[in-house]
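# Close look at the chain arrangement
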Amino acid sequence: MVLHKGKATDPDRKGGANPLHAGAYPALAARIRLPHDSLAEEPLPPDTALQLVRDELMLDGNARLNLATFVTTWMEPQARELMAECVDKNMIDKDEYPQTAELERRCVNILADLWHAPDPLAIMGCSTTGSSEACMLAGMALKRRWSKLGRAGKPNLVMGANVQVCWEKFCEYWEVEPRLVPMDGDRFHLTADEAIARCDENTIGVVAILGSTFDGSYEPVAEIAAALDGLQERSGWDIPVHVDGASGAMIAPFLDPELVWDFRLPRVASINTSGHKYGLVYPGVGWVVWRAKEALPEELVFNVNYLGGDMPTFALNFSRPGAEVAAQYYTFVRLGREGFRAVQQASRDVATQLADGIAELGPFELLTRGDELPVFAFTTKADVDSFDVFDVSRRLRERGWLVPAYTFPENRTDLAVLRIVVRNGFTHDLADLLLADLRRLLPELDHGPRPRTAFHH
Ligand SMILES: Cc1ncc(COP(=O)(O)O)c(C=O)c1O
């Protein structure tokens, strides 16, 4: 989370709530000053407290119009109801909530099956707070596996510069050298040749992303695995692949069944996904599955007492709400394969049609077209000099649309793009409205060259 710094109280802050919010006590309303840095002395009635906090939250954007996030912003009322019933259950209390633990176990098995684990009885897996924790756990397993080989030198992890920040965090926190393959020209993600060129005997693993946070493209997992097979033949180094399927591991099984990227590749040791992205659950839940016990060194597993026996656990934190896990199981029960296929296909259809519509507007050029993840990135054409992607993002925000603009990493920092993430609930109708707004904005944006300044604040 954001690391907050202390802030001095504003001495002029007046306070005072809406007189109607304090029930029958307008005098109380006049005294209310929302606590910014220390608790008030007196309690407030629950309805007053609720109204005050709600009023503050009006300033947040509308989550459904947030086209920046991969994270679920709409679930059915039945799922909300189930989550509300489970918010008081702590996942770690396996003794007290054995059935929640059972639902978690079923979810792990279902995911291992979706990802073609060759031996369902051999897999290991768990839920997490999200993909970041899942990636940390997978990275720790890779590092421990490597350290047991007894090699001298500093461990390194090979991945594209387009990895999500959690991998850079992993490397920093666990003292692993990140070997980031930079983008180059129109190559925006990792390729097999670039990956193996950076591997050596101290490479704990290669991370392949399905698909890239930057533009929604799938990395060529099978090619990377095949190149590592060749490298092993030549050098003897047996380097595992972890697939970061934060989004794609819940898309590809339904929409790209022919694409071989998962445990069908013997080199894939582990896979993570975010239940709260295309797993269609509110935040925060993630999953990680290892193909077999050998991929997860047993020293990393801690046993907690469970119904008089031992329950193996692997997690960074201890307590966690059970609601998201119950909601994940709900989505599996509710949708089945066909339901998931329909939901993900609808998102892909909206993404590809919206991408085509944006390309037809004229000034934009697509980097991707939403046909892998239902996510696409686009930029302004080289001859457009009257506005840039940041202007477009700002103007769309005036209408409530949250479409982020950002620059690409090292080596392509010259390239700035807009990215649209289509999720369940973003319909063709909403996409048409967005397109209409974009079309309406263009003449205003295109009113002549922007004043260029050399000085940026
Ligand atoms: C490829 C990839 N990996 C990891 C993460 C981190 O996921 P989470 O937000 O679930 O921690 C993301 C988030 O966007 C991602 O896109």
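Residues numbered from 1 in each chain as written. Predicted model: local features only at pLDDT ≥ 70, side-chain atom pairs only at ≥ 80, totals over all residues.

- The name recorded for the protein chain in an unreviewed UniProt entry is Glutamate decarboxylase, from Amycolatopsis regifaucium.
- Turning to the protein chain, the UniProt annotation filed under Catalytic activity (unreviewed entry) states: "L-glutamate + H(+) = 4-aminobutanoate + CO2".
- In UniProt, the protein chain has this text filed under Sequence similarities (unreviewed entry): "Belongs to the group II decarboxylase family." (UniProt positions renumbered as here; feature names shortened; annotations may be inferred.)

## Structural notes on the overall build of the protein chain
- On a plain count of helices and strands, the protein chain comes out with 12 helices and 13 strands.
- Here the protein chain has a C-alpha radius of gyration of 25 Å; the compact-globule value for 457 residues is 23 Å, and the two agree.
- Overall, the protein chain is about 75 × 70 × 45 Å in size when its C-alpha atoms are taken along their principal axes.
- Within the protein chain, the fraction of its 457 residues that count as buried is 40%. (Helix = DSSP H or I, 4+ residues; strand = E, 2+ residues; numbered from the N terminus. Rg over C-alpha atoms; globule rule 2.2 N^0.38 Å. Buried ≥ 20, exposed ≤ 12 C-beta atoms within 10 Å, placed from the backbone.)

## Section: the UniProt feature "modified residue: N6-(pyridoxal phosphate)lysine" (unreviewed entry) in the protein chain
- What UniProt calls "modified residue: N6-(pyridoxal phosphate)lysine" (unreviewed entry) maps, in this numbering, to Lys-277.
- Relative to the assigned elements, Lys-277 resides in the loop between strand S6 (268–274) and strand S7 (286–290).
- Setting aside chain neighbours within four positions, we find Lys-277 in contact with Phe-70, Val-71, Thr-72, Ala-246, Ser-247 and Met-250. (Contact = placed C-beta atoms within 7 Å.)

## Brief notes about the pairing of strand S5 (residues 241–244)
- Residues Val-241 and Val-243 of S5 are buried on one face, and the alternating residues His-242 and Asp-244, pointing to the opposite face, are buried as well.
- Where strand S4 (residues 203–209) lies against S5, 4 bridges are found, and the strand directions are parallel. Bridged to Val-207 within S5 is His-242.
- Regarding the hand of the β-α-β motif, the stretch spanning S4, helix H8 (residues 221–235) and S5 is right-handed.
- With 4 bridges connecting them, S5 and S6 associate as parallel partners. Looking at S6, one finds that His-242 is bridged to Ser-270. (Pairing = 2+ DSSP bridges. Right-handed = clockwise from strand over helix to strand, strands pointing away.)

## Looking at the site of the ligand
- The immediate surroundings of the ligand are formed by 14 residues, with Gly-130, Ser-131, Ser-132, Gln-164 and Ala-246 found nearest.
- Looking at the shell around the ligand element by element, the count peaks at 3 residues for helix H5 (residues 131–147).
- Looking at the shell around the ligand residue by residue, the classes come out as 5 nonpolar, 8 polar and 1 charged. (Near = placed C-beta within 6 Å. Nonpolar A, V, L, I, M, F, W, Y, C, P; charged D, E, K, R; others polar.)

## Comments concerning the packing of H5 against helix H6 (residues 165–173)
- Between H5 and H6, the least distance of the axes is 9 Å, while the angle of their chain directions is 40°. Relative to H6, the element H5 lies oblique. Here the hand of the crossing between H5 and H6 comes out right-handed. Contacts between H5 and H6 pair Ser-131, Ser-132, Cys-135, Met-136 and Gly-139 from the former with Cys-166, Trp-167 and Phe-170 from the latter.
- A class-by-class count of the residues in the contact of H5 with H6 yields 5 nonpolar, 3 polar and no charged. (Axes fitted to C-alpha atoms, helices over the stretch in contact; angles between N-to-C directions. Parallel < 35°, antiparallel > 145°, perpendicular 65-115°, else oblique. Left-handed = near helix turned anticlockwise from the far one by under 90°.)

## Points about the sheet that holds strand S11 (residues 375–380)
- Strand order across the open sheet formed by 4 strands is S10-S11-S13-S12, with antiparallel pairing between neighbours. The open sheet is flanked by strand S10 (364–366) and strand S12 (405–407), the only strands paired with a single partner. Between one strand and the next, the sheet's axes are offset by a mean angle of 40°, whatever the strand orientation.
- As paired strands, S10 and S11 are joined by 3 bridges and run antiparallel to one another.

## Overview of the pairing of S4
- Most of S4 sits out of view: 7 of its 7 residues are buried.
- Examined bridge by bridge, strand S2 (residues 156–160) and S4 share 3 bridges and lie parallel to one another. Considered in S4, the bridge of Asn-156 is made with Thr-203.

## Things to note about the domain arrangement of the protein chain
- Once the domains are mapped, the protein chain shows domain 1 (77–331) and domain 2 (337–441).
- Using C-alpha coordinates to define each centre, domain 1 is positioned 28 Å away from domain 2. (Domains from an automatic or database assignment.)

## A look at the packing of helix H11 (residues 389–398) against helix H12 (residues 428–445)
- For the pair H11 and H12, interaxial distance at closest approach is 11 Å and the crossing angle is 120°. Looking at the two axes, H11 sits oblique to H12. Pair H11 / H12 crosses with right-handed handedness. Contact residues: Asp-391, Val-392, Arg-395 and Leu-396 in H11; Asp-437, Leu-441 and Leu-445 in H12.
- Split into classes, the residues belonging to the contact of H11 with H12 amount to 4 nonpolar, no polar and 3 charged.

## Thoughts on unusual backbone geometry
- Between Leu-210 and the following residue, Gly-211, the backbone shows a cis peptide bond with an omega angle of -10°.
- On the secondary structure map, Gly-211 appears in the loop between S4 and H8.
- Positive phi outside glycine occurs at His-116, with the angle close to 60°.
- Its place among the elements puts His-116 in the loop between helix H4 (98–114) and strand S1 (124–128).
- One non-glycine residue, Leu-280, lies in the positive phi region at around 70°.
- As for its position among the elements, Leu-280 is in the loop between S6 and S7.

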